[in-house]
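What follows is each chain in one-letter form.
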Amino acid sequence: MLSAEENQRLTETGSTTPMGKLFRRYWHPVLLSRELEVDSAPKRIEIMGEQFLAFRDSSGDVGIVEPKCSHRGADLFFGRNEECGLRCAYHGWKFDVKGNCVDLPTSSLEVSERTKPKAAIRALKIEEYGDLIWGYLGGGEPPPLPKFEFAELPASQRFVSKKFQQCNWAQAVEGGLDTAHFSYLHAAMSDGKKTSLLGKMGLNEPPAIARFRWLVEDGAPDFTVLKHDAGLVLGASRRADNDELYWRITQFMIPNHSLAPNSFPGDMSQGNTWLPVNDYSCWIFCFAYHLERDLTDQEREAYASGSGIFAEVDDQYIPLRNRENDYLIDRDRQKQTNFTGIQGISEQDAAIADSQGFIADRTKELLGQTDLGVVRFRQMMLEASDELEKGLMPHGLQSPDAYHVRSGDAMSEIDADFRQVLEARFGAYAGAQLRQP
């Protein structure tokens, strides 16, 4: 468990908080690229409790700027996105994607040129990468943009979307790192008993099939966690057939990225980034990608309609099953076919994370051995915020290539060491300079 002070330090990301200062040293995805069209209406967004407007100008460049005009504070949301700038509807002052005032029509030319530098508004540094718009909220020169494998692949080999989560960013992350819950939260029901998502199964199926049975049969995986130059790699081993172990391997990249397990070689890979909207909600950016081929139209349609880590969402990316409607839980379904009675892997994750409260009270927890990954995540984040306050370089900032890692599933002998499993499954993609946390 954490103390009340530690819990507050972990969860709060406002601009003056220790964690907020840490987050602002990193790049974050803030929008999907497809959310902004050229010269379309500006879009209101909130990032870590700060308000911004996002727009794409006539040249296709993206600006994310403070929403108030520097003249008399009118809201630029009501402005016109035209001719490579956002023009205030009140008196026509115009700002480009970098926040520069480029037109001041209420003054003479001489006064205008003298006033423009003082009239600039705050603008985030922006990069477009992997079908996402990334923003840097910190001051000074930003660090190099981290390199993610999904973003380095051709666009035809990935699908990217997002979903809204109605709880604090940290407990949503912890749900992604806690792979022990798959044995229960995502199980099916048959004849009143918990069973695999594939129903009743025999023995010695191929691992890609048998893993769903192993998840149900062994609800207490053994966790091993190692640190690397971008974060943590978590291994959860379960007993499998023929004296083997089934490993589910998850990557966490500081401060808020994860790569999910549940993929053997040749399967689709998936991952998430959790962006705090404020201390009570977050956006989860989701990406699925294949290392060897283009995604099919059927795969894209399945993700777009809600599959795996992707939720079924409306046109504003708000999940259809959410806190307000109890995730459309079906109690009859819960008795007969589904352990939770909630449709969708993503929605099941959201329901249980949201149920802990908008900010979970970690002072009242009783943690066990399957919580090791969650404990190490908390330790890493709290240590990183402490180090930043001491003037040290936050973890991962100078190692953009270290984010180019992989996660997934693996099989091993019963006595295999986790490092051996990582080397055999991923090689250099396991993480740079693996060591104990």
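These notes cover the structure that comes with them. Since the model is a prediction, treat every value here as computed from it, not as a measurement.

## Thoughts on the side chain of Thr11
Step number 1: As for its position among the elements, Thr11 is in helix α1 (residues 4-11).
Step number 2: The exposure class of Thr11 is buried, given its relative accessible area of 1%.
Step number 3: Reaching out from Thr11, the side chain makes a polar contact with the backbone oxygen of Asn7 at a distance of 2.8 Å.
Step number 4: Look past the residues within four positions of Thr11 in its chain and what remains in contact with it is Asn168, Trp169, Ala170, Asp279, Ile359 and Arg362.

## Considerations on the nonpolar core
Step number 1: With 76 residues, the main nonpolar core has Ile47, Ile64, Trp169, Phe252 and Met381 as its most contacted residues.
Step number 2: When residues in this core are grouped by element, the largest group, 8 residues, is from strand β19 (residues 281-289).
Step number 3: If we skip the residues at most four places from it in the chain, Trp169 touches Leu10, Thr11, Thr13, Met19, Phe23, Pro255, Pro276, Cys282, Phe377 and Met381.

## Details of helix α10 (residues 372-389)
Within an α-helix, residues lying three or four positions from one another point in the same direction, as the helix has 3.6 residues per turn.
Step number 1: For α10, with 18 residues, the first-to-last C-alpha span of 26 Å sits near the 26 Å given by 1.5 Å per residue.
Step number 2: Of the residues making up α10, those classed as buried are Gly373, Val374, Phe377, Arg378, Met380, Met381, Leu382, Ala384, Ser385 and Leu388.
Step number 3: On its buried face, α10 is in contact with α1, α2 (18-23), α5 (169-177), β14 (222-228), β15 (231-239) and β16 (244-253).
Step number 4: One or two residues past the end of α10 sits Gly391, with phi positive at roughly 90°.

## Concerning the sheet that holds strand β10 (residues 132-136)
Step number 1: Here we have 3 strands laid out as an open sheet, ordered β1-β10-β9, and antiparallel in their pairing. Strand pairing shows two members of the sheet lacking a second neighbour, β1 (27-32) and β9 (125-129), which therefore form its edges. Here the strands of the sheet are splayed against their neighbours by 35° on average, with no regard to which way each runs.
Step number 2: Two elements, β1 and β10, share 5 bridges in a ladder whose sense is antiparallel. Its bridge partner lying in β10, Leu31 is registered against Ile133.

## Quick look at the sheet that holds strand β4 (residues 62-65)
Step number 1: Pairing in this open sheet of 3 strands is antiparallel, and the strands run β2-β3-β4 from one edge to the other. The strands lining the two open edges of the sheet, one partner per strand, are β2 (43-47) and β4. Taking each pair of neighbouring strands and ignoring which way they run, the sheet shows an average axis angle of 30°.
Step number 2: Strand direction decides the pairing type here: β2 and strand β3 (residues 50-56), joined by 5 bridges, are antiparallel. Residue pairing for β3: Lys43 is matched across the bridge by Ala54.

## Let's talk about empty space enclosed by the protein
Step number 1: Here the structure, examined in full by the defined rule, presents 3 cavities of 30 Å³ or more.
Step number 2: Considering only enclosed or pocket space, the largest cavity measures out at about 80 Å³ in volume.
Step number 3: In terms of lining, the largest cavity is formed by Tyr26, Trp27, Pro143, Pro144, Pro146, Ile254, Pro255, His257, Gly396, Leu397, Pro400 and Tyr403.

## Quick notes on the side chain of Glu299
Step number 1: Relative to the helices and strands, Glu299 resides in helix α7 (residues 297-305).
Step number 2: Polar side-chain contacts of Glu299 include one of 2.7 Å to the side chain of Arg293.
Step number 3: Here Glu299 is in contact with Met268, Arg293 and Asp294, once residues within four sequence places are set aside.

## Description of the packing of aromatic side chains
Step number 1: Within this structure, the stated rule accounts for 21 aromatic pairs.
Step number 2: Both rings, one in Phe148 and one in Phe150, keep their centres 6.1 Å apart while their planes meet at 45°; by these two values the pair is tilted. One exposure class covers both Phe148 and Phe150, and it is buried.
Step number 3: The rings of Tyr129, Trp134, Phe148, Phe150, Phe287, Tyr289 and Tyr403 are connected pair by pair, giving a single aromatic cluster.
Step number 4: A cation over an aromatic ring shows up here: Arg34 above the ring of Phe159, its NZ or CZ 5.9 Å from the ring centre.
Step number 5: Its end group placed over the ring of Phe358, Arg323 keeps NZ or CZ at 3.9 Å from the ring centre.

## Concerning the pattern of salt bridges
Step number 1: Inspection of every chain in the model, using the stated rule, returns 30 salt bridges.
Step number 2: The residue Glu113 makes a salt bridge to Lys116 at a minimum N-O spacing of 3.0 Å. Here Lys116 and Glu113 lie together in helix α3 (residues 109-119), a separation of 3 residues that amounts to about one turn.
Step number 3: With a shortest N-O distance of 2.9 Å, Glu205 and Arg213 are connected by a salt bridge.
Step number 4: Accessibility expressed as a relative area gives 6% for Arg213, which makes it buried.

## A few points about the layout of surface pockets
Step number 1: If you add up the space inside the largest pocket, you get close to 1,000 Å³.
Step number 2: Lining the largest pocket are 45 residues, and of these His181, Phe182, His186, Ile345 and Asp349 lie nearest its centre.
Step number 3: Top element by residues in the lining of the largest pocket is helix α9 (residues 345-354). It accounts for 6 residues.
Step number 4: Of the voids in this model, the second largest pocket is the one considered here, and its volume is about 250 Å³.
Step number 5: The element best represented in the lining of the second largest pocket is β9, accounting for 4 residues.

## Section: the environment of Leu86
Step number 1: Mapped onto the fold, Leu86 is located in strand β6 (residues 86-87).
Step number 2: In sequence terms Leu86 and Cys69 are 17 residues apart; their C-alpha atoms lie 10.0 Å from each other.

Reading the values: the criteria
- Residues numbered from 1 in each chain as written.
- Predicted model: local features only at pLDDT ≥ 70, side-chain atom pairs only at ≥ 80, totals over all residues.
- Heavy atoms only, no water.
- Helix = DSSP H or I, 4+ residues; strand = E, 2+ residues; numbered from the N terminus.
- Buried < 20%, exposed > 50% of the residue type's maximum accessible area, 1.4 Å probe, protein only.
- Polar contact = N/O pair within 3.5 Å; in protein donor to acceptor, adjacent residues only side chain to side chain.
- Contact = heavy atoms within 4.5 Å.
- Core = buried A, V, L, I, M, F, W, Y, C linked by side-chain atoms within 4.5 Å.
- Expected span 1.5 Å × (residues − 1).
- Pairing = 2+ DSSP bridges.
- Axes fitted to C-alpha atoms, helices over the stretch in contact; angles between N-to-C directions.
- 1 Å grid on protein atoms, 1.4 Å probe; cavity = no way out; pocket = protein on both sides within 12 Å on 5 of 7 lines; lining within 4 Å.
- Points joined across faces, edges and corners; volume = space filled by probe spheres on them.
- Phe/Tyr/Trp six-rings, centres within 6.5 Å; stacked < 30°, edge-to-face > 60°.
- Lys NZ or Arg CZ within 6 Å of the ring centre and 35° of its normal.
- Salt bridge = Lys/Arg side-chain N within 4 Å of Asp/Glu carboxyl O.

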